[in-house]
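Observations on chain architecture
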Amino acid sequence: MTNIIEVSQLTKKFKLQKPSSGLKSFFKPEYKNVTAVDRISFDIKKGERVAFIGPNGAGKSTTIKMLSSILYPTSGTALVNGLVPWDNRKKLAYDIGTVFGQRSQLWYNLPVQDSFALMGKIYDLDEIPFKRRLSKLVKLFEIRDLLEHPTRSLSLGQRMRCEIVASLLHKPQILFLDEPTIGLDVTAKEIIRNLIKKQALEEDTTLLLTSHDTDDMEKVCERVIIINKGKLIFNDSISALRDSYLNKKYIEVTTENGEKIKTVVNTKEKPAKQAIDELVKKYHVTDMTIENPPMEEIIKEIYNRG
Amino acid sequence: MAARFLKLCKLFLFIQKSNIKTAFLNKADALINVIMMTINNLSFAFMWWVIFENKGSVNGWQFGEMALLFAVMNNAFATFALFARGIQLLPEYIDNGNLDNFLTTPKNSLFLISTSESTFANWGDYITGFLMYFLSGYVNWKSFWMMMLCSFLAFILLYSFRLIMSCLAFIISDSQRLGDNIFMALLTFASQPASIFTGWYKVLFLTIIPAGMISFYPVNLIKAFNWEDFLALTIGISIFWLSSLLFYHWGLKHYSSGNRFGVR
Ligand SMILES: Nc1ncnc2c1ncn2[C@@H]1O[C@H](COP(=O)(O)OP(=O)(O)OP(=O)(O)O)[C@@H](O)[C@H]1O
Ligand SMILES: [Mg+2]
């Protein structure tokens, strides 16, 4: 299998003007460099579904913007479907779809179907294949009832389904999703996740998805890349991520007067048996559960280490 | 190359069709707006007619010259407002990061930005433009085609100048108002009899605030074609056009895609 995305030493620095007043700052403004993305390298194979996670300000959006040809990097290179994104904007556009949860690519005042029609023209889709493609996506994403509504009247969840359809109209090989589930309720998140995954499996679409919800990552993706403060700190399968933290166990015991006591045990330092013995000796245990740490905890710990 | 251009033309027609469709959702409203715009323009022209009736001429310009100026100016502005007004929104797109949407498509981003806004009422400017030409007293086929060509060139100048103003947003944030004001200044200068600008004012008028390329050269050329003025005009406009494109592409390299929340 070949790499569809290759990123090498990619770096982006932003120049921020220091806020100071007076004429001096007008003529000789002072700048502060912010390194948003710091020499990251990774590859993604065709058809892979990769979660791209990290705390706020880690550089996820900035990376996605470079890969989707919006931003020029400060240094380093990238190849997306064999093209250097920022040098091949128009050509690359046919290969990629982008969805930014915090922005809309639909025309605010136009009915959703007019936005789609305009997209179809912009991507040179012929009438008949376009109609066929659209009706397939409309069915899959269940947006038939929304087509006549202007974008501004849609709820966040409805809009997100339309946004994803818009990004898929030209059948891109690669889909960049930057926080597609932001602000959605539990059910809407679940729906979006399932749709994204179903669609990707069906068309062998390569996914790069960012999210602050670990469920998005676990339910949609096979691999996870974690960055923190612009640096890549983890790049492996999701099961490998879990395994590397399996020596932590969460033990919860219930005592006879209904009190619940939680403890975390590192089985490397203390065998599980010893921990359980201690608990049993100390309390009159009526019930007990032993669990692996939730993904949230694992991620939190990685962030704190990085 | 030719095929790509044809596709762009098709997209252009599609966008214009949907603009007209949108405007005609309320036909009466659309027509009233066009008529009001025409009346507004004509009353401005009428004011100048009164002035010329009383004063005779201003440094050699009479109402006929003024009418030619209004013809070029209104036609150029109509073309701008109907087909390229979106460029006025570029600072907003830059500030709130919506420029992203235009950069990830397979079409020329400037084309999509320019056609993203259109004001139907400005069809009234075309009505005024042609009416003023026919009232100018310089009507013949040769002058007609020259008027059409100059209107197009003046449109290119307006567009380039506005693009340069809009690109300031790549450097300064919240520059929308500044750009709007300087653009208004250009339009105001261009609506005066070009003959009042002499000496250093004339130099200014043909360079930094290039209003003379809308008024001075076109009026001369429509009255009587001459190569000197024609070359000065086409070279001057080409310089503005090229600089505006260079500025835009320079800007894209420095675009930082801000995160101010918003929708297209
Ligand atoms: N347009 C910009 N100008 C200046 N600095 C920026 C700009 N965009 C991002 N940054 C800075 O770059 C860093 C990375 O930002 P980025 O938006 O990529 O983070 P992120 O991982 O997407 O975070 P979040 O999860 O909050 O969306 C941050 O420190 C941010 O302040
Ligand atoms: Mg982000």
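Rules of the game
Residues numbered from 1 in each chain as written. Chains lettered and ligands numbered in written order. Predicted model: local features only at pLDDT ≥ 70, side-chain atom pairs only at ≥ 80, totals over all residues. Heavy atoms only, no water. Pairing = 2+ DSSP bridges. Helix = DSSP H or I, 4+ residues; strand = E, 2+ residues; numbered from the N terminus. Contact = heavy atoms within 4.5 Å. Buried area = accessible area lost by both parts, 1.4 Å probe. Salt bridge = Lys/Arg side-chain N within 4 Å of Asp/Glu carboxyl O. Polar contact = N/O pair within 3.5 Å; in protein donor to acceptor, adjacent residues only side chain to side chain. Nonpolar A, V, L, I, M, F, W, Y, C, P; charged D, E, K, R; others polar. Phe/Tyr/Trp six-rings, centres within 6.5 Å; stacked < 30°, edge-to-face > 60°. Buried < 20%, exposed > 50% of the residue type's maximum accessible area, 1.4 Å probe, protein only. Lys, Arg positive; Asp, Glu negative; His and termini not counted. pLDDT = per-residue confidence, 0-100. Axes fitted to C-alpha atoms, helices over the stretch in contact; angles between N-to-C directions. Parallel < 35°, antiparallel > 145°, perpendicular 65-115°, else oblique. Left-handed = near helix turned anticlockwise from the far one by under 90°. Near = heavy atom within 4 Å. Areas by Shrake-Rupley, 256 points an atom, 1.4 Å probe, with all protein chains shown as cover. Patch = residues over 30% accessible without salt bridge, like charges linked within 9 Å, V, L, I, M, F, W, Y side chains within 5 Å. Core = buried A, V, L, I, M, F, W, Y, C linked by side-chain atoms within 4.5 Å. Domains from an automatic or database assignment. Expected span 1.5 Å × (residues − 1).

Turning our attention to the pairing of strand β11 (residues 260-266) of chain A. Residues and elements named next belong to chain A. Here strand β10 (residues 248-255) runs beside β11; their pairing, made up of seven bridges, is antiparallel. Considered in β11, the bridge of T254 is made with K260. In textbook terms, the turn of a hairpin is the stretch between consecutive antiparallel strands, and for β10 and β11 this stretch comprises four residues, one of which, G258, has a positive phi near 85 degrees.

Here the focus is the interface of chain A and chain B. Counting residues at the interface gives 27 residues for chain A and 30 residues for chain B. Summed over both partners, the interface of chain A with chain B comes to about 2600 Å²; 59% of that surface belongs to carbon and sulfur atoms. Counting the contacts that link chain A with chain B gives two salt bridges. Between D100 of chain B and R103 of chain A there is a salt bridge, and its shortest N-O distance comes to 2.8 Å. Across the contact surface, chain A and chain B share eight residue pairs in polar contact (both at pLDDT 80 or more). Elements that contribute at least two residues to the side of chain A that touches chain B include exactly α3 (89-93) and α4 (112-122) of chain A. When the residues that make up the side of chain A that touches chain B are grouped by side-chain class, the tally is 13 nonpolar, six polar and eight charged.

All names here are of chain B. Tallying each qualifying case throughout the model produces 33 aromatic pairs over all chains. On the basis of an interplanar angle of 55 degrees and a centroid distance of 6.3 Å, the ring pair of F12 and F111 is categorised as tilted. Of this pair, F12 sits in helix α1 (residues 2-23) while F111 sits in helix α6 (residues 109-114), and the two are 99 residues apart along the sequence. Here a set of aromatic residues connected by ring pairs shows up, and it is made of F12, F24, F83, F111, F120, W123 and Y126.

Now for the side chain of R49 of chain A. All names here are of chain A. Its place among the elements puts R49 in strand β3 (residues 49-53). The buried charged residue R49 lacks any salt bridge, with E222 as its nearest oppositely charged partner at 4.2 Å. Within the local environment of R49, its side chain forms a polar contact with the backbone oxygen of V220, the two atoms lying 2.7 Å apart. With residues near it in sequence (within four places) discarded, R49 still touches K197, A200, L201, L207, V220, C221, E222 and R223.

Quick look at the confidence of the model for chain B now. The predicted model of chain B averages 92 in pLDDT, with 98% of residues at 70 or higher. Taken over the whole predicted complex, pTM reads 0.90, whereas the ipTM for its chain interfaces reads 0.87.

All names here are of chain B. At a minimum axis distance of 8 Å, the contact between helix α3 (residues 63-83) and helix α8 (residues 141-167) shows a crossing angle of 55 degrees. Between α3 and α8, the interaxial angle falls into the category oblique. Our pair here, α3 against α8, has a crossing hand that is right-handed. Residue-level inspection shows A71, V72, N75, A76, F77, T79 and F80 of α3 in contact with α8, the latter providing M147, C150, S151, A154, F155, L158, Y159 and R162. Of the residues in the contact of α3 with α8, the class split is eleven nonpolar, three polar and one charged.

Once that is clear, we can look at the site of ligand 1. Around ligand 1 sit 17 residues in total, of which N56, K60, S61, T62 and H212 of chain A are the nearest. Around ligand 1, the neighbouring residues derive from chains A and B rather than from a single chain. One of the side-chain nitrogen or oxygen atoms of N56 of chain A is found 2.8 Å away from an oxygen atom of ligand 1. Between ligand 1 and the protein, one listed contact pairs an oxygen atom with a backbone N or O atom of G59 of chain A at 2.9 Å. For ligand 1, whose free accessible area comes to 640 Å², the fraction covered by protein is 76%. The leading source of residues in the shell around ligand 1 is helix α2 (residues 60-67) of chain A, at three residues. Class assignment for the residues of the shell around ligand 1 results in six nonpolar, nine polar and two charged.

All right, on to a nonpolar patch on the surface then. Together, L31, I32, I35, M36 and I39 of chain B make up a nonpolar patch on the protein surface, roughly 490 Å² of accessible area in all. L31 of chain B sits in the partly exposed class, given a relative accessible area of 48%.

Moving on, we get to the packing of α4 of chain A against helix α6 (residues 156-168) of chain A. Residues and elements named next belong to chain A. With their axes 10 Å apart at the nearest point, α4 and α6 run at an angle of 20 degrees to one another. With respect to their mutual orientation, α4 and α6 come out roughly parallel. For the crossing formed where α4 meets α6, the hand is right-handed. In contact with V112, F116 and M119 of α4, α6 contributes C162, V165 and A166. Of the residues in the contact of α4 with α6, the class split is six nonpolar, no polar and no charged.

General note: in soluble globular proteins, nonpolar side chains tend to be found buried as a group. Core analysis: the biggest nonpolar cluster contains 163 residues, and L67, F116 and L241 of chain A together with L99 and Y248 of chain B have the highest contact counts within it. Sorting elements by how many residues they give to this core places α8 of chain B first, with 16 residues. The residues that make up this core include at least three from each of domain 1 (3-244) and domain 2 (248-305) of chain A. The residues touching F116 of chain A, leaving out its near neighbours within four places in the chain, are L106, F130, L134, I143, L147, C162, V165, A166 and L169 of chain A. Of all hydrophobic cores here, the second largest spans six residues; its members include I261, V265, A275 and L279 of chain A.

All names here are of chain B. Here helix α2 (residues 27-55) contains 29 residues, and its C-alpha end-to-end distance of 42 Å stays within 8% of the 42 Å for a straight helix at 1.5 Å per residue. Those residues of α2 that sit buried are A30, V34, T38, N41, A45, W48 and F52. Buried-residue contacts for α2 involve α1, α3 and α7 (123-135). Directly after α2, the chain includes G56, whose backbone phi takes a positive value near 85 degrees.

The next thing to look at is the pattern of salt bridges. Residue and element names in this part refer to chain A. A full pass over the atoms with the stated rule returns 23 salt bridges over all chains. A salt bridge links D213 to K189; the nearest nitrogen and oxygen atoms lie 3.0 Å apart. In this pair, D213 sits in the loop between β7 (206-210) and α8 (214-220) while K189 sits in helix α7 (residues 186-203), placing the two residues 24 residues apart along the sequence. The class of D213 is buried, set by a relative accessible area of 15%. Assessed through its relative accessible area of 19%, K189 is described here as buried.

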